[in-house]
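# Commentary on secondary and tertiary structure
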Amino acid sequence: MNPVNQRFFICLPASKLTSDLFILDRKMSLSLYFLNICRRIIVSNSYIAGNAIFAVSSSFERPSWDEYFMLQAELAKLRSNCMTRHVGAVIVRNHRQIATGYNGTPPGIKNCFEGGCKRCQLRMEGKIESGASLDRCLCNHAEANAIMHCAILGIEAGSDGAILYTTFVPCLECTKMAITIGIKKIVCLDTYPETDYDLIEEAGVKVITLEKIKIEYWAKKLIENYNEKLIPK
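Remember, it's a predicted structure, so these values are computed and weren't measured experimentally.

### Side note on the packing of aromatic side chains
Two aromatic rings, taken as a pair, are described by how far apart their centres are and by the angle between their planes. This model, assessed by the stated rule, comprises five aromatic pairs. Between Tyr-68 and Phe-69 the ring centres are 4.9 Å apart and the planes differ by 70°, which places this aromatic pair in the edge-to-face class. Among the aromatic residues, those joined into a cluster by ring pairs are Trp-65, Tyr-68, Phe-69 and Tyr-165. Arg-85 extends its terminal NZ or CZ atom over the ring of Phe-168, reaching a point 4.9 Å from the ring centre.

Here it is, written out as structure tokens:
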């Protein structure tokens, strides 16, 4: 693992620090710059705790807001019970997730992968093309479930610039629902055959497609961090 890309904490006794310590203000707010130590990692953003000084690597990184909420949508799709396609969606307002949805049969109905949806079964057998005969599908789409989640809980989803994050661009029906509640921005990862881009444009909805490689990067980082100890216990 390349140490330059790793997040870590350094703790040194204050007595060990010499000219590398710079005092920025009277409140002892510190910034430490250690070069050619700690495997050539530059360290900054420090603080004092007792007689020790803690410093955080300047290479500390985290996902953007769009990447963060798309990861939530990716997590939601793991609950999908549809045998043909797994989709996840979340609705966000003011950087707060207010609703989640994934595609699958309605509550109380046999799961799609257990034979609950005959249309999906025919699709898996190659007798129906992707995006066809959706009127016969018993699976609710992820975006629709997220919107219905808001309705069930009495959440006003479309106000204050709410954003819909979904792993696929919404189909025609879900697009109409999103427009109806006031969604003005959709962030997605992939295309869908039943998307009406003319309708999206006419409604003034902005569609942003994220790079999959960025989401894959953070998913790998999450797995790596399970075994990474940032602060020794």
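Moving on from the coordinates now.
### As for the packing of helix α3 (residues 142-153) against helix α4 (residues 172-180)
Their axes nearest at 9 Å, the elements α3 and α4 cross at an angle of 30°. The pairing of α3 with α4 is recorded here as roughly parallel in orientation. The two elements α3 and α4 meet at a crossing, and its hand is left-handed. Along its contact with α3, which presents Glu-143, Ala-144 and Ile-147, the element α4 presents Cys-174, Met-177 and Ala-178. Here the residues of the contact of α3 with α4 are counted per class, giving five nonpolar, no polar and one charged.

### What about the side chain of Thr-166?
Note on placement: Thr-166 falls in strand β8 (residues 163-166). Given the relative accessible area of 0%, Thr-166 is considered buried. Within the structure, the side chain of Thr-166 is placed 2.9 Å from the backbone oxygen of Phe-168, a separation counted as a polar contact.

### As for the sheet that holds strand β6 (residues 88-93)
The strand order β7-β6-β8-β9-β10 describes an open sheet built from five strands, whose pairing is mixed. Since the sheet does not close on itself, it has two edges, and those belong to β7 (96-102) and β10 (206-209), each with one partner. Between one strand axis and the next, the sheet turns by 20° as a mean value, whatever way the strands run. Note: β8 against strand β9 (residues 185-188), four bridges, orientation parallel. Residue pairing in the sheet places Tyr-165 in a bridge with Val-187 of β9. Across the sheet, helix α1 (residues 65-76) is in contact with β6, β7, β8 and β9; its angle to β6 comes to roughly 140°. α3 contacts β6, β7 and β8 of the sheet and is inclined by roughly 130° relative to β7.

### Description of helix α6 (residues 212-225)
The terminal C-alpha atoms of α6 lie 20 Å apart, and with 14 residues this matches the ideal 20 Å at 1.5 Å per residue to within 8%. By the burial criterion, the buried members of α6 are Ile-215, Trp-218 and Lys-221. Looking straight down α6, one finds its buried side chains confined to an arc of 120°; they lie on one side. Exposed and oriented more than 90 degrees from the buried face of α6 are Ile-213, Lys-220 and Ile-223. Buried-residue contacts for α6 involve α1.

### Some remarks on the nonpolar core
With 20 residues, the main nonpolar core has Ile-91, Ile-98, Cys-150, Leu-164 and Ile-183 as its most contacted residues. Taken together, the elements giving at least two residues each to this core come down to β6, β7, α3 and β9. Per-element tally for this core: the top contributor is α3, with four residues. Residue contacts for Cys-150: discarding those within four places in its chain leaves Ile-91, Ile-98, Ala-99, Ile-155 and Ala-157.

### As for the state of the cysteines
When the sulfur atoms of two cysteines share a covalent bond, that bond is a disulfide. This structure, assessed with the given rule, holds zero disulfides. Considering cysteine sulfurs only, Cys-117 is the nearest to Cys-120, which forms no disulfide, with 3.7 Å between them. There is no disulfide at Cys-171, and the cysteine sulfur nearest it, in Cys-174, is 3.8 Å away. Taking relative accessible area as the criterion, Cys-171 reaches 5% and is therefore assigned buried.

### Describing α1
Over its 12 residues, α1 extends 17 Å from the first C-alpha to the last, a length consistent with the 16 Å expected when each residue adds 1.5 Å. Residues of α1 that are buried include every one of Asp-66, Glu-67, Phe-69, Met-70, Ala-73 and Ala-76, and no others. Those residues of α1 that are buried are in contact with β6, β7, β8, β9 and α6.

Each value, and the rule that gives it
- Residues numbered from 1 in each chain as written.
- Predicted model: local features only at pLDDT ≥ 70, side-chain atom pairs only at ≥ 80, totals over all residues.
- Heavy atoms only, no water.
- Phe/Tyr/Trp six-rings, centres within 6.5 Å; stacked < 30°, edge-to-face > 60°.
- Lys NZ or Arg CZ within 6 Å of the ring centre and 35° of its normal.
- Axes fitted to C-alpha atoms, helices over the stretch in contact; angles between N-to-C directions.
- Helix = DSSP H or I, 4+ residues; strand = E, 2+ residues; numbered from the N terminus.
- Parallel < 35°, antiparallel > 145°, perpendicular 65-115°, else oblique.
- Left-handed = near helix turned anticlockwise from the far one by under 90°.
- Contact = heavy atoms within 4.5 Å.
- Nonpolar A, V, L, I, M, F, W, Y, C, P; charged D, E, K, R; others polar.
- Buried < 20%, exposed > 50% of the residue type's maximum accessible area, 1.4 Å probe, protein only.
- Polar contact = N/O pair within 3.5 Å; in protein donor to acceptor, adjacent residues only side chain to side chain.
- Pairing = 2+ DSSP bridges.
- Expected span 1.5 Å × (residues − 1).
- Arc of directions from axis to C-beta.
- Core = buried A, V, L, I, M, F, W, Y, C linked by side-chain atoms within 4.5 Å.
- Disulfide = S-S within 2.5 Å.

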